[in-house]
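Chain residues, written in single-letter form:
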Amino acid sequence: MKLILLGAPGAGKGTVAKLLTKIDGSPQISTGDILRGAVAAGTELGKQAQAAMKAGDLVSDDLIMGIMEQRLQEDDCKAGYLLDGFPRTIPQAEALKKLLNKMGEKLDAAVEIDVARDVILDRLTTRRTCTGCGEIYNVKSNPPAVEGVCDKCGASVVQRDDETEEAISNRLNVYNDQTAPLVGFYKEEGLLLSVKATSSQSVIDAIQAKIG
Ligand code: AMP
């Protein structure tokens, strides 16, 4: 399936994408993961993205479109993809539309995962991420078996640089100002599926009910 997952940071886009990948086989494409990988590897892309990411601001549309134009044309994207964290601005959504038209492709849906702000704040401040494989943990509800060590790959599990209270609050404001308008954009395109998420499974069920 060809999906966009929309929703504030901490809404569960990554978790839903990982579950859908298991069901459908389409790759999860997370621009956040790609950028964090580039920062960790110290590449030119990482150097250009690092400061904005740390502050919880968005990286430039040009940089993101450069990454995604290449990524969406790779072989594993032929049958489908789950876009997690992209697009995040109206110019990115418009550029994606042009790119897909050029490639002769159509999206199945843009799924808005709607979660209350207090739930999101609590989740983000208690979230921990594996530096090796990206697995997500939560210190309250889903800690790793050994503190600070990933159950899956053994790498360290840490709080992300952009999950300090200040950066989280900025990321939520950036979401409201720059990304939330995409809900209207995809509604007009006839692609919006808005789900009040009570659990990841409730989102999966709504997606399967809409597009099978
Ligand atoms: P995420 O893991 O999706 O929350 O992304 C982490 C950070 O990467 C964001 O706060 C932005 O700084 C940057 N980023 C990820 N995706 C995008 C995007 N589509 N456009 C601009 N910046 C992005």
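As a reminder, the structure under discussion sits directly above these lines.
Residues numbered from 1 in each chain as written. Predicted model: local features only at pLDDT ≥ 70, side-chain atom pairs only at ≥ 80, totals over all residues. Heavy atoms only, no water.

1. Quick notes on the site of the ligand
To keep things clear, this is the line we draw: Definition of nearness: a residue and a molecule or strand are near each other if at least one heavy atom of the residue lies within 4 Å of the molecule or strand. Counting of polar contacts relies on pairs of N or O atoms within 3.5 Å, with two restrictions inside protein: one atom must be capable of donating a hydrogen and the other of accepting it, and residues adjacent in sequence are counted only when both atoms are side-chain atoms. For every accessible area listed, the method is Shrake-Rupley and the probe measures 1.4 Å; residues are considered covered only by the protein chains on display. Strands are runs of DSSP state E lasting at least two residues, helices are runs of H or I lasting at least four, and both sets are numbered from the N terminus onward.
As a structural note, the neighbourhood of the ligand is formed by 16 residues, with T31, R36, D57, R88 and Q92 the closest of them. R171 has a polar side-chain atom sitting 3.2 Å from an oxygen atom of the ligand. About the coverage of the ligand: the protein hides 96% of its 480 Å² of free accessible area. The leading source of residues in the shell around the ligand is helix α2 (residues 31-41), at 4 residues.

2. Structural notes on the environment of S200
Rules: Burial classes: relative accessible area under 20% of the type maximum marks a residue as buried, over 50% as exposed, and values in between as partly exposed (1.4 Å probe, protein chains only). What makes two residues a contact is simply this: any of their non-hydrogen atoms within 4.5 Å.
As for its position among the elements, S200 is in helix α9 (residues 200-211). Overall, the relative accessible area of 25% leaves S200 in the partly exposed class. In the structure, S200 is positioned 189 residues away from A11 in sequence and 9.5 Å away in space, judged by C-alpha atoms. Contact partners of S200, with chain neighbours within four places excluded, come to T15, V16 and L19.

3. Here's the deal with helix α3 (residues 44-55)
Think of an α-helix as turning once every 3.6 residues; residues three or four places apart then point the same way. In plain terms, the rule: The arc in question is traced by the directions running from the helix axis to the C-beta atoms.
If you check which residues of α3 are buried, you get G46, A49, A52 and M53. For α3, the arc enclosing every buried residue in end-on projection is 140°, short of the 170-degree limit, so these residues lie on one face. Of the exposed residues in α3, those oriented more than 90 degrees away from the buried face are E44, K47, A51 and K54. On the buried face of α3, the contacting elements are α2 and α4 (61-71). Residue G56 follows α3 closely and has a positive phi angle near 85°.

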